[in-house]
Amino acid sequence: MRILVTTHGNMAKGICSSYEMLAGSNNKIDYLTLDPDDTGQFKQRLTQKIEQDQDDLLILCDIKGGSPYNECFTKYLENPQKIRVVSGLNLPMLLEVGLSLLSEPSLDHITDLAEKAGRKGVCVAEDSVSSDQDIEF
Amino acid sequence: MAITLARVDDRVIHGQTTTRWSKERPIDGFLVVGDNIIHDKLRTKVLKAAAGDLKVGIFSDDKGPEIIKKGMKSKKNFFLISNSPQTFAKLLKMGANWGKELNVGPMNTREGSIVVERTLALDDKDYEAFEYMYNQGINIYFQLIPDEKQKTWPEVKKHYNELKAKEA
């Protein structure tokens, strides 16, 4: 299993560096950026990334309907056995799937993890925390 | 089970602990010890929120040994955290026993401290505290996250002394 993060501009690179700061480096996580002056190389570079390894691949994209997503979605349609695509990339999502690689998850399972962690990661800060001791031994 | 991680971390509970160490070692809750933490209501709230679903208990230095004993005997697993090695040295002097290991995470710069490693600033009191615990047979290892290489107290100590000599 491997993970590819792909975004408009440097977000993919940046989020991988944030991941590393929290969880350490992982050679099963790679990224691909769509650059502002891209004139069609993205598709080629994506194909290279996909074909450089025979492992199953989870692709995380920044936004549904954007170019990185659309290209990845095409790849998924061509090879649904080996590829899954999840949009709405955020750090909780990447952390969850990145750290799950140790337990060698199936493609279906890791896709499910990505979606759940991504959704759960969005919340509004609230001052409802009590400062009382709540620990139990 | 016991106390599965004892850690010095001046940010106490944050991403490296909740996302990384908690995957590496079993944990049901955090035991935080420190007089300066327990009296800071705002910080207490932030720490509880940072722990997410995990429980947090925050205790004074004096309560420490009793709490550590309870933690060690419990069926549950705890991370024992304080923001200073001086607190751990104090606990050890009071007879606390959390096992033979002490992990050291980030320690930021403070007045009078020397930056020894990228995220590690020590002053003479910290130095004394580590030296004391090391001589008591505690295995002190400096490591932010489990994937990172460990540094031992003798290595860090050597570096601190070199920097100190340069400064003089």
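The structure this text deals with has already been given above.
Here is a short report on the structure shown in this document. (Residues numbered from 1 in each chain as written. Chains lettered and ligands numbered in written order. Predicted model: local features only at pLDDT ≥ 70, side-chain atom pairs only at ≥ 80, totals over all residues. Heavy atoms only, no water.)

**Side note on the pairing of strand E1 (residues 3–8) of chain B**
All names here are of chain B. Test applied: Between buried and exposed lies partly exposed: a residue is buried under 20% and exposed over 50% of the maximum accessible area for its type, with that area taken using a 1.4 Å probe on protein chains only. A helix here means a DSSP run of H or I that spans at least four residues, while a strand means a run of E at least two residues long, and both kinds are numbered starting from the N terminus. Any two strands with at least two DSSP-identified bridges between them are counted as paired.
The buried count for E1 comes to six of six residues, which makes it a mostly enclosed element. Both E1 and strand E5 (residues 101–104) contribute to a ladder of two bridges, which runs parallel. Its bridge partner being in E5, Arg7 is matched across the sheet by Asn103.

**What about the environment of Met21 of chain A?**
Put simply, the rule is: Whether two residues are in contact is decided by their heavy atoms, any of which lying within 4.5 Å being enough.
Within the secondary structure, Met21 of chain A is located in helix H1 (residues 11–23). Here the alpha-carbon distance between Met21 of chain A and Gly121 of chain A, two residues 100 residues apart in the chain, equals 18 Å. Dropping the residues within four chain positions of it, Met21 of chain A is found in contact with Gln16 and Ile145 of chain B.

**Structural notes on the packing of aromatic side chains**
This is how it is decided: What counts as a ring pair is set by centres within 6.5 Å for rings of Phe, Tyr and Trp (its six-membered ring), and what kind of pair is set by the plane angle: stacked under 30 degrees, edge-to-face over 60, tilted for all other angles. Think of it as a cone above the ring: NZ of Lys or CZ of Arg counts as a charge over the ring if it is within 6 Å of the ring centre and within 35 degrees of the ring normal.
All chains considered together, the criterion is met by 10 aromatic pairs over all chains. Each ring, one from Phe137 of chain A and one from Phe78 of chain B, has its centre 5.3 Å from the other, and the planes form 55°; the classification is tilted. Placement of the pair is Phe137 of chain A in the segment after helix H5 (107–120) and Phe78 of chain B in strand E4 (residues 78–82), with the two residues belonging to separate chains. A connected cluster of aromatic rings, assembled from ring pairs, spans Tyr127, Phe130, Phe142, Trp153 and Tyr160 of chain B. Between the NZ or CZ atom of Lys93 of chain B and the centre of the ring of Tyr132 of chain B, over which it lies, the distance is 4.7 Å.

**A short note on unusual backbone geometry**
Backbone geometry at Glu104 of chain A places phi at a positive 45°, although glycine is not the residue there. Secondary-structure assignment places Glu104 of chain A in the loop between helix H4 (91–100) and H5. One non-glycine residue, Val12 of chain B, lies in the positive phi region at around 60°. Tracing the backbone shows Val12 of chain B in the loop between E1 and helix H1 (15–24).

**Here's the deal with the pattern of salt bridges**
Basically, it comes down to this: Should a side-chain nitrogen of Lys or Arg be within 4 Å of a carboxyl oxygen of Asp or Glu, the pair is scored as a salt bridge.
Counting across every chain of the model gives 22 salt bridges over all chains. Among the salt bridges present, the one from Arg7 of chain B reaches Asp9 of chain B, with a minimum N-O distance of 2.9 Å. Comparing Arg7 of chain B with Asp9 of chain B shows no difference in burial state: the two are buried. Among the charged side chains, a salt-bridge network with shared partners connects Asp35, Asp38 and Arg45 of chain A.

Geometric descriptors of this kind do not, in isolation, establish any biological role.
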